[in-house]
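Here are the chains, one letter per residue:
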Amino acid sequence: MGGFEDDEPPSKRARASSVESASLPDCFSFSKSANPLGSTMARPLPSQGKEVMVGSKGVIKKDEFVRIITKTLYSLGYERSGAVLEEESGITLHSPTVNLFREQVIDGNWDNAVVTLNKIGLLDENIVKSAAFLILEQKFFELLRDDNVMGAMKTLRSEITPLGVNRKRVHELSSCMISCSPQQLFNGFSKLGIDSSTSRLKLLEELQKVLPPTVMVPEKRLESLVEQALTVQRDACYFHNSVDGLSLYIDHHCGKDQIPSRTLQVLCAHRDEVWFIQFSNNGKYLASASNDKSAIIWEVDEDGELLPKHTLNGHEKSVMMVAWSPDDCQLLTCGVEETIRRWDVESGKCLHVYEKPGIGFISCAWFPDGKQILSGLTDQHFCIWDLDGKEVDCWKGQRSTKMTTDFTVGKDGKLIVSMNREKTILLFDRETKQERLIEEDTTITSFSLSEDGDFLLVNLFNEAIHLWNIRNGPIRVNRYSGHKRSRFVIRSCFGGSEQAFIASGSEDSQVYIWHRATGDLIETLAGHSGTVNCVSWNPVNPHMLASASDDHTIRIWGAKKASLKRKDVGSSSCSSNGIHSNGNAHGNGFIHQCNGNSTK
Amino acid sequence: MVLSYLMHNCFKETAEAFLSSTGLKLPVDYSVNVDKRKAIFNFVLEGNALKAIELTEELAPNLLENDMDLHFDLLSLHFIELVRSRKFTEALEFGQKKLTSFGKVPKYVEKLEDFMALLAYEEPEKSPMFHLLSPEYRQNVADSLNRAVLGHANLPAYSSLERVVQQATVVRQYLQQEVGKDSYPPFSLKAFLSK
């Protein structure tokens, strides 16, 4: 019967194949048409000892290709199709010995399974021993589970230990014999599953990993190969910025149209320069802070349009930054050298005002558990507060510059990143008390942390932006430039699908977007009529980018193909680039809202 | 000092001979229970842990209850003896009955694993835990038990002779560290005796 000889050493076949692939025509594929006489005739004889190749490049071995397809059919549950393929192709998935072995394992016929194992003809004795160990270990646990402790001990002493492998595991098994709590048994079975049929299937999987792939085709091999191809395509996609999955039908390739580049909306509610914006963690809201002493919470509706939800009034000085709570239900706002206020997002009410008599705050951040906040003060101290306003901790930092007020807390709550001196950033681990420094050559103006907490984006005085890997190192891994900065603090951010892009504001009124991995400048977005102070990329919608400017507006940018059902009309004080409303019934009411009413 | 050493280690006959040759009077404390202690000590050396436990309970009640480490060591000694006499099934049963409760306390778990591992080998002497079967191990357990019993009777745990040797060693060590490697070699009883 035609088929794969599994006791033939692989090297022999590989040598033969290099001779074969040159001479076989490309059309020698495995379709039915290769045998013009139809399937009722005798199956085509296998090319004995010679390798048949398929595919346009002639690098795919036909036997292997058919076998992994057969394996996939079986694992998808298509038993009949798998069997038919084996018959029709003449290429069996497993040799008869291996099939017998698999049957014996499933039936729990352990002693015979070990005998058959030795008949498979494996060359490496260690592999035989490892496989035998796995089988006997299963036998041991099943005996224990059936309360046959003596039988288990006999197996351990006379069959498992003499194999001379995995001594540590042997000792563990020995302990299992007396500490036979159900919990321990479960742990012993944890890899194998608690009931015998699933645990035996898991055993087969483990055996598959131990035995050479030519003997038993690895589980999910075809899926793995396809995933590798998709990963290569994804990595090669320069402008990749979508959340959709990749299709198998065509090679994946994103165009530049995936990057936000058109103004979709201009938000004109602030009456003065907008200094800071940030999307909420769930991408449903945007918060903005302005020189007009207010902050605004905007809501992103299903069409991707932003509408003002609440205007937060109360600060007596300009609001310089905002911070979303980890659950996005609360917002912190910080006035310049003033107080920190905590607001409820849903109602817009101020829940608490944090103040320290005589000293003003200059920055604020949440701890990941949402129960404490970190604040920076003008006298260079840091304070941790709990939500009710009780001061939990306070220590003096080393900040000697008033220019940068940034600090940020890592996702796990352990890392605090703060300005140390003009040119250094301190990475402080609260748990290990370890301190690391990022040292720059020029003054640092702002920084932001990546989503995964492994990278820090640092804006510098000299118009460069540096990307640092802070998980290992810290090491500087990339540099972005092109934007303009001379007088003000400009902020940049990570964004896009898998944070593959970097965006920054600029004093030339444009938004700059770079490709993170290569450092190439991909887009400069014009539209604002004043310095762009801050940018924020929607963490959930990779096509939505927001920018805040001295021209009192916030712009929402989207991908070229995106369009909103309604476009807003700003008041006369903001430039709208000639976008006109399409006569929607809400038009008038919308203008009022745009001018800063506190509720919708 | 010599006398205390002899009594500490239950060398009763030697002590009596010593006493008669030097004319010293026997201090009252030491003769207390020296016979019983000697019996306990010897049972442990033989590996008869159960008998040793029985006598200890008589001589120093509650000692083992309060000293879990010691109790564990003695019980495991019995286990080891069963293994040594190739009574594996009995050993397993004993282990299941008596030793499982110790398995819940983390500090005993590692030791327990070592003891249990003996069961996996047809020839435990050839296993990596062969040292558990050795007379030196039993000597160690016997010494700990002896010290505990003495302590229970408010007698010093180490004989004064032993104390002196310990002190000499430590002093030599400090001198070595302070002054330098070559001036004061570490104290070795063997070297001292061979001089």
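Overview of the structure. Everything numeric in this text was worked out from a predicted model, so none of it was measured.

Conventions adopted
- Residues numbered from 1 in each chain as written.
- Chains lettered and ligands numbered in written order.
- Predicted model: local features only at pLDDT ≥ 70, side-chain atom pairs only at ≥ 80, totals over all residues.
- Heavy atoms only, no water.
- Helix = DSSP H or I, 4+ residues; strand = E, 2+ residues; numbered from the N terminus.
- Buried < 20%, exposed > 50% of the residue type's maximum accessible area, 1.4 Å probe, protein only.
- Contact = heavy atoms within 4.5 Å.
- Buried area = accessible area lost by both parts, 1.4 Å probe.
- Salt bridge = Lys/Arg side-chain N within 4 Å of Asp/Glu carboxyl O.
- Polar contact = N/O pair within 3.5 Å; in protein donor to acceptor, adjacent residues only side chain to side chain.
- Phe/Tyr/Trp six-rings, centres within 6.5 Å; stacked < 30°, edge-to-face > 60°.
- Lys NZ or Arg CZ within 6 Å of the ring centre and 35° of its normal.
- Pairing = 2+ DSSP bridges.
- Axes fitted to C-alpha atoms, helices over the stretch in contact; angles between N-to-C directions.

A word on unusual backbone geometry. All names here are of chain A. Phi at E337 takes a positive value of approximately 50°, unusual for a residue other than glycine. In this structure, E337 sits in the loop between β9 (330–335) and β10 (340–344). Residue E337 is classed as partly exposed on the basis of its relative accessible area, which comes to 36%.

Taken together, the contact pairs 15 residues of chain A with 17 residues of chain B. Note on chain A versus chain B: buried area summed over both sides is about 1500 Å², and carbon and sulfur give 66% of it. Across the contact surface, chain A and chain B share zero salt bridges. Inspection of the chain A/chain B interface yields six residue pairs in polar contact (both at pLDDT 80 or more).

Let us look at the packing of aromatic side chains. Under the definition given, this model contains 11 aromatic pairs over all chains. Measuring from ring centre to ring centre gives 5.9 Å for F501(A) and W537(A), while their planes differ by 20°; the resulting arrangement is stacked. Separated by 36 residues along the polypeptide, F501(A) in strand β25 (residues 501–504) and W537(A) in strand β28 (residues 532–537) bring together distant segments of the chain. Both residues of the pair, F501(A) and W537(A), belong to the buried class. With a centroid separation of 5.9 Å and an interplanar angle of 50°, the aromatic rings of F72(B) and F115(B) are classed as tilted. Taken together, the residues F72(B) in helix α7 (residues 68–84) and F115(B) in helix α9 (residues 106–117) connect sequence positions 43 residues apart. Assigned by exposure class, F72(B) and F115(B) land together as buried. Each member of the aromatic cluster is reached from another via a ring pair, and the members are Y354(A), F361(A) and W385(A). When the ring centre of F461(A) is taken as reference, the NZ or CZ atom of R485(A) above it lies at 4.5 Å.

Strand pairing in a sheet takes place through backbone hydrogen bonds and is either antiparallel or parallel in direction. All names here are of chain A. Across the sheet, which stays open at both edges, the four strands sit in the order β3-β30-β29-β28 with antiparallel pairing between neighbours. Sheet topology places β3 (262–267) and β28 at the edges, where each strand pairs with a single neighbour. Recorded for the sheet is a direction-independent mean angle of 25° between the axes of neighbouring strands. Bridging between β28 and strand β29 (residues 545–549) involves five bridges; their strand directions are antiparallel. Looking at the pairing, S536 lines up with A546 of β29.

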